[in-house]
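Observations on the model geometry
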Amino acid sequence: MPLLVAPALATGSLAAHQQPHLPVRPGLALRPWRDDDAPAVRAAFDCPAIQRWHVRRLDSDDEARSWTAQWAGRWRDETAASWAIVDADDRPVGQVGLRDVLLTEASAQVSYWVVPAARGRGIATEALLALTRWSLTQAGLHRLALEHSTANAASCRVAARAGFTEEGVARGSVRHADGWHDMHRHARLATG
């Protein structure tokens, strides 16, 4: 069935290029995940807060390697992308990424988390800002959206500080280990 409007971004808009390394600030950058990041990812997913809000855990080194390895294919398929937030020593301290990429609509969902030792220093906000700038300018996306549980005040602060406008609450829309959660919605547009 043909579309009545042209796709906002052509197929290949992302995959025609290598996933970029993005500067955040001195001593902090975004880079694609590597296989040797698997131990850091497994340790991050051992954090109860990451498990709570992302509803996942990793039970083995093989699962962690599969998690890091998936991103190259998802970039090629133009369905998602994830970056390691790395410190000056190139050690992962968090993740920021695009999910549910729709080139036809030039839109994506964003996600982020940081390890406990990196929290409270603005790292998630700065990483989200760097990804947002690249996504809305160089990648050509029109809309970035995010959702977090209304019980996750820290994620809400990150979204607000990164300029994501509140759009409302989706009642009972995501199930966590403790039951259904209302999800707070935010978004940013390339047009402001």
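These notes cover the structure that comes with them.

This part is about the sheet that holds strand β3 (residues 81-87). The strand order β1-β2-β3-β4-β5-β6-β8-β7 describes an open sheet built from eight strands, whose pairing is mixed. The sheet is open, and its two borders are formed by β1 (22-25) and β7 (165-176), each paired with just one other strand. Across the sheet, the mean angle separating the axes of adjacent strands is 30° when strand polarity is ignored. As paired strands, β7 and strand β8 (residues 179-189) are joined by eight bridges and run antiparallel to one another. Across the sheet, the residue bridging to Thr165 is Ala187, located in β8. The strands that helix α3 (residues 61-77) touches are β3, β4 (92-102) and β5 (107-114); relative to β3, the one it contacts most, it runs at about 130°. Sheet contacts for helix α4 (residues 123-136): β1, β2 (28-32), β3, β4, β5, β6 (143-149) and β8; angle to β1, the most-contacted strand, approximately 140°.

So, about helix α1 (residues 38-45). Of all the positions in α1, only Ala38, Val41, Ala44 and Phe45 are classed as buried. Viewed end-on, α1 has its buried residues packed into an arc of 120°, placing them on one side of the element. Summarising the contacts, the buried residues of α1 are in contact with α2 (48-54), α3 and β5.

Scanning the model with the defined rule gives 13 salt bridges in all. For the salt bridge of Arg52 with Asp178, the shortest nitrogen-to-oxygen distance reads 3.5 Å. Here Arg52, found in helix α2, pairs with Asp178, found in the loop between β7 and β8; they are 126 residues apart in sequence, far enough to count as distant. Since its relative accessible area comes to 38%, Arg52 is described here as partly exposed. Residue Asp87 pairs with Arg91 through a salt bridge whose shortest N-O separation is 2.9 Å.

Let us look at the packing of α1 against α3. Across the interface, α1 lies against α3 with an axial gap of 8 Å and an inter-helix angle of 105°. In this view, α1 runs roughly perpendicular relative to α3, as classed from their interaxial angle. Mapping the contact onto sequence places Ala38, Val41, Arg42 and Phe45 in α1 and Asp61, Ala64, Arg65, Trp67 and Thr68 in α3. Looking at the contact of α1 with α3 residue by residue, the class counts come to five nonpolar, one polar and three charged.

Definitions and cut-offs
- Numbers given to residues run from 1 along each chain, matching the order in which its sequence is written.
- pLDDT decides what is reported in this predicted model: residues at 70 or higher carry local features, side-chain atom pairs at 80 or more are listed and counted, and totals for whole chains, interfaces and linings draw on all residues regardless.
- Hydrogens are left out, water is left out, and the side-chain values use all remaining heavy atoms of the structure.
- What makes two strands pair is DSSP finding at least two bridges between them.
- A run of DSSP states H or I qualifies as a helix once it reaches four residues; a run of E qualifies as a strand once it reaches two. Both are numbered from the N-terminal end.
- Comment: axis = line fitted to C-alpha atoms, over the contacting stretch for helices; angle = value between 0 and 180 degrees taken between N-to-C directions.
- Working rule for contacts: check all heavy atoms of both residues, and any pair within 4.5 Å makes them a contact.
- For every residue, the accessible area (1.4 Å probe, protein chains only) is compared with the maximum for its type, and the residue is labelled buried under 20%, exposed over 50%, or partly exposed between those bounds.
- Think of the arc as the fan of directions from the helix axis to the C-beta atoms.
- When a carboxyl oxygen of Asp or Glu lies within 4 Å of a side-chain nitrogen of Lys or Arg, that pair is called a salt bridge.
- Just so you know how the angles are binned, under 35 degrees is roughly parallel, over 145 roughly antiparallel, 65 to 115 roughly perpendicular, and the rest oblique.
- Note on residue classes: Ala, Val, Leu, Ile, Met, Phe, Trp, Tyr, Cys and Pro are nonpolar, Asp, Glu, Lys and Arg are charged, and everything else, Gly too, is polar.

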